[in-house]
Amino acid sequence: MSLVKVSRPSASEGISPRTAKYWYHRYSLFSRYDDGIKMDEEGWFSVTPEDIAVRHAERSGTGTVIDCFSGVGGNAIQFARRCYHVVAIDIDPQKVELAFNNAKIYGVEDYIDFIVGDFFQLAPFLKGDVVFLSPPWGGPTYSTIDTFTLDLLKPKDGYSMFQVAQKITHNIIMFLPRNVDLNQVEELSWLSSPPLNLEIEDNYVESYLKGITAYFGDIAWRSPT
Ligand code: MGP
Ligand code: SAH
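**Notes on the overall build of the chain**
At step 1: Looking only at helices and strands, one finds 9 helices and 7 strands in the chain.
At step 2: Whereas a compact globule of 225 residues would reach a radius of gyration of roughly 17 Å, the chain reaches 17 Å, a difference of no more than 12%.
At step 3: Dimensions along the principal axes, computed over C-alpha positions, put the chain at roughly 70 × 40 × 35 Å.
At step 4: Scored against the burial criterion, the 225 residues of the chain give a buried share of 50%.
At step 5: Excluding contacts between residues fewer than 6 apart, the proportion of contacts in the chain whose partners are at least 24 apart in sequence is 63%.
At step 6: Counting every atom, the chain has about 11300 Å² of accessible surface; 51% of that belongs to carbon and sulfur.
At step 7: Taking the average location of the 20 positive side-chain charges in the chain and that of its 29 negative ones, the two points are 4 Å from each other.

Take a look at the structure:
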């Protein structure tokens, strides 16, 4: 008789029945997961997979990046590994604690200013070279919708969010659902006069489409650094 050991999440890993499937992909979310990465429920279904976060960072240049919805730090960590400085904002204090823990695992906590706050209230005081937007998409059920329209983004619709971001810089990166209405994403570039450059990228992990990234402004079509 042969015994097969099945690995399962432990009670301390922030897993619920809704998020168990993400645990099985934990190493694609954080390659250093076993070194002490910590998550909560929303973190599990929202964190940007590491390879995609690396790609976002390679496209951001070497200046200051503002990660306006930083969650458990999937993007902020990769920005910090390449960019001069990162400002990581989340409205949920627990997320900021988790992001700080996770940044320490990657040895980049000193390159990130962690802020607990509401991006929309902080925006008028923020300065940076690139603004990164990966807001809540309304939970994992986003994928059951045929076409995800920008008004479904939380806590404000994508148009308002983009306008607020544009007051900081026109170099904006948005990480969006794979079923997003691409006509609406193009519309965002026309909000500016003259219209902003726009590049849209499909983001895969292995052969699975996980999301879509829109690069606006000078960073569109720029080679990775
Ligand atoms: P998914 O569609 O929930 O997972 O999220 P998956 O494994 O593609 O599930 P499947 O069963 O449909 O195949 C895919 C990716 O989208 C996640 O890894 C996150 O990076 C991202 N993502 C998902 N949600 C619900 C959010 C969100 O609310 N906000 C942000 N910023 N990213 C999200
Ligand atoms: N890119 C992140 C995931 C972001 S999930 C990662 O890779 O880990 C979206 C986050 O937006 C959540 O953590 C949520 O707490 C945060 N959020 C929601 N409303 C916000 C607001 N008004 N200001 C700042 N953060 C907010």
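The discussion continues.
**Quick notes on the pattern of salt bridges**
At step 1: This model, assessed by the stated rule, comprises 6 salt bridges.
At step 2: The partner of R59 in a salt bridge is E199, and the shortest N-O contact between them spans 2.7 Å. Note that R59 is positioned in the loop between helix 4 (50-58) and strand 1 (64-67) and E199 in strand 6 (residues 198-205), a separation of 140 residues in sequence.
At step 3: When its relative accessible area of 2% is taken as the criterion, R59 is described as buried.
At step 4: In this structure, E201 and R59 form a salt bridge, with 3.8 Å as the shortest nitrogen-oxygen distance. Residue E201 is found in strand 6, and its partner R59 is found in the loop between helix 4 and strand 1; the two are separated by 142 residues along the sequence.

**Some words on the site of ligand 2**
At step 1: Lining the immediate surroundings of ligand 2 are 23 residues, of which T48, N75, D90, F119 and S134 lie closest.
At step 2: G74 has a polar backbone atom sitting 3.2 Å from an oxygen atom of ligand 2.
At step 3: Within the side chain of S134, one N or O atom sits 2.8 Å away from a nitrogen atom of ligand 2.
At step 4: In the complex, 95% of the free accessible area of ligand 2, which totals 590 Å², lies under the protein chains.
At step 5: Sorting the residues of the shell around ligand 2 by element identifies helix 3 (41-46), helix 5 (74-82) and helix 7 (119-122) as the ones contributing at least two each.

**Looking at the site of ligand 1**
At step 1: Taken together, 17 residues sit near ligand 1, with K21, Y22, Y142, R178 and K210 positioned nearest.
At step 2: Taking Y142, its side chain carries an N or O atom lying 2.5 Å from an oxygen atom of ligand 1.
At step 3: Contact between ligand 1 and K210: an oxygen atom at 2.7 Å from a side-chain N or O atom of the residue.
At step 4: Bound to the protein, ligand 1 loses 85% of the 660 Å² it would expose on its own.
At step 5: When residues of the shell around ligand 1 are traced back to their parent elements, those giving at least two are helix 1 (20-23) and helix 3.

**Let's talk about the pairing of strand 5 (residues 172-176)**
At step 1: Among the 5 residues of strand 5, 5 are classified as buried, and the element is accordingly described as predominantly covered.
At step 2: Residues of strand 5 alternate between two faces, with I172, M174 and L176 on one and I173 and F175 on the opposite face, all of them buried.
At step 3: Direction of pairing for strand 4 (residues 130-133) relative to strand 5: parallel, over a ladder of 3 bridges. Paired with V131 across the bridge in strand 5 is I172.
At step 4: With respect to chirality, the unit in which strand 4 leads through helix 8 (residues 158-166) into the neighbouring parallel strand 5 is right-handed.

What counts as what
- Residues numbered from 1 in each chain as written.
- Chains lettered and ligands numbered in written order.
- Predicted model: local features only at pLDDT ≥ 70, side-chain atom pairs only at ≥ 80, totals over all residues.
- Heavy atoms only, no water.
- Helix = DSSP H or I, 4+ residues; strand = E, 2+ residues; numbered from the N terminus.
- Rg over C-alpha atoms; globule rule 2.2 N^0.38 Å.
- Buried < 20%, exposed > 50% of the residue type's maximum accessible area, 1.4 Å probe, protein only.
- Contact = heavy atoms within 4.5 Å.
- Areas by Shrake-Rupley, 256 points an atom, 1.4 Å probe, with all protein chains shown as cover.
- Lys, Arg positive; Asp, Glu negative; His and termini not counted.
- Charge placed at Lys NZ, Arg CZ, Asp CG, Glu CD.
- Salt bridge = Lys/Arg side-chain N within 4 Å of Asp/Glu carboxyl O.
- Near = heavy atom within 4 Å.
- Polar contact = N/O pair within 3.5 Å; in protein donor to acceptor, adjacent residues only side chain to side chain.
- Pairing = 2+ DSSP bridges.
- Right-handed = clockwise from strand over helix to strand, strands pointing away.

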